[in-house]
Amino acid sequence: MKALEMINYEGKRLSVLVETKPEDDTKGYVSYFIDGIQITDWPKLVKRYQRILAALAVNLCEGLGVTIN
């Protein structure tokens, strides 16, 4: 299963993609995007964007009943 959530903030489109593992729908992983570009270097990301993206991910995972490993 895949689920996407996005918001606009300061002229940027912040997105979170949650994908479940094929062998277990209760476990998955999260990908983060800003304006469609995947974030691969989390520590270099502005702290407020980190907080917003993390909050979106937690909210989406809770809604789906998915645990991130």
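Quick caveat, the model's predicted, so the values are computed rather than measured.

## Thoughts on the confidence of the model for the protein chain
Reading predicted coordinates in detail is not appropriate for stretches of low pLDDT.
Stage number 1. Per-residue confidence for the protein chain gives a mean pLDDT of 93, with 99% of residues at or over 70.
Stage number 2. The secondary-structure element of the protein chain with the lowest mean pLDDT is strand β5 (residues 67–68), recorded at 86, while strand β4 (residues 37–38) shows the highest, at 96.

## Quick word on the pattern of salt bridges
Stage number 1. In this structure the tally under the stated criterion is three salt bridges.
Stage number 2. Its salt-bridge partner being Lys2, residue Glu19 comes within 3.6 Å of it at the nearest N-O pair. A residue pair is termed long-range when its members are at least 10 positions apart, and Glu19 in strand β2 (residues 12–21) and Lys2 in strand β1 (residues 2–9) qualify at 17 residues.
Stage number 3. Residue class for Lys2 comes out exposed when judged on its relative accessible area of 62%.

## Here we look at the packing of aromatic side chains
Stage number 1. Considering all chains together, one arrives at two aromatic pairs under this definition.
Stage number 2. Aromatic pair Tyr9 and Tyr49: ring centres 6.1 Å apart, planes at 85°, arrangement edge-to-face. Highlighted residues: Tyr9 in strand β1 and Tyr49 in helix α1 (residues 47–64), separated in sequence by 40 residues.
Stage number 3. What makes Tyr9 partly exposed here is its relative accessible area of 28%.
Stage number 4. Centroid distance Tyr32 to Trp42: 4.7 Å. Interplanar angle 45°. Geometry classified as tilted. With a gap of ten residues between them, Tyr32 in strand β3 (residues 24–34) and Trp42 in the loop between β4 and α1 connect regions that are remote in the sequence.
Stage number 5. Taking NZ or CZ as reference, Arg48 lies 5.4 Å from the ring centre of Tyr49, over its face.

## Re the nonpolar core
Stage number 1. Counting 16 residues, the largest nonpolar core has Leu14, Val16, Val18, Val30, Tyr32, Ile34 and Leu53 as the members making the most contacts within it.
Stage number 2. In terms of residue count, the dominant contributor to this core is α1 (seven residues).
Stage number 3. Those residues in contact with Leu53, other than ones at most four positions away along the chain, are Leu14, Ser15, Val16, Tyr32, Phe33, Ile34, Trp42 and Leu45.

Rules used in this analysis
- Residues numbered from 1 in each chain as written.
- Predicted model: local features only at pLDDT ≥ 70, side-chain atom pairs only at ≥ 80, totals over all residues.
- Heavy atoms only, no water.
- pLDDT = per-residue confidence, 0-100.
- Helix = DSSP H or I, 4+ residues; strand = E, 2+ residues; numbered from the N terminus.
- Salt bridge = Lys/Arg side-chain N within 4 Å of Asp/Glu carboxyl O.
- Buried < 20%, exposed > 50% of the residue type's maximum accessible area, 1.4 Å probe, protein only.
- Phe/Tyr/Trp six-rings, centres within 6.5 Å; stacked < 30°, edge-to-face > 60°.
- Lys NZ or Arg CZ within 6 Å of the ring centre and 35° of its normal.
- Core = buried A, V, L, I, M, F, W, Y, C linked by side-chain atoms within 4.5 Å.
- Contact = heavy atoms within 4.5 Å.

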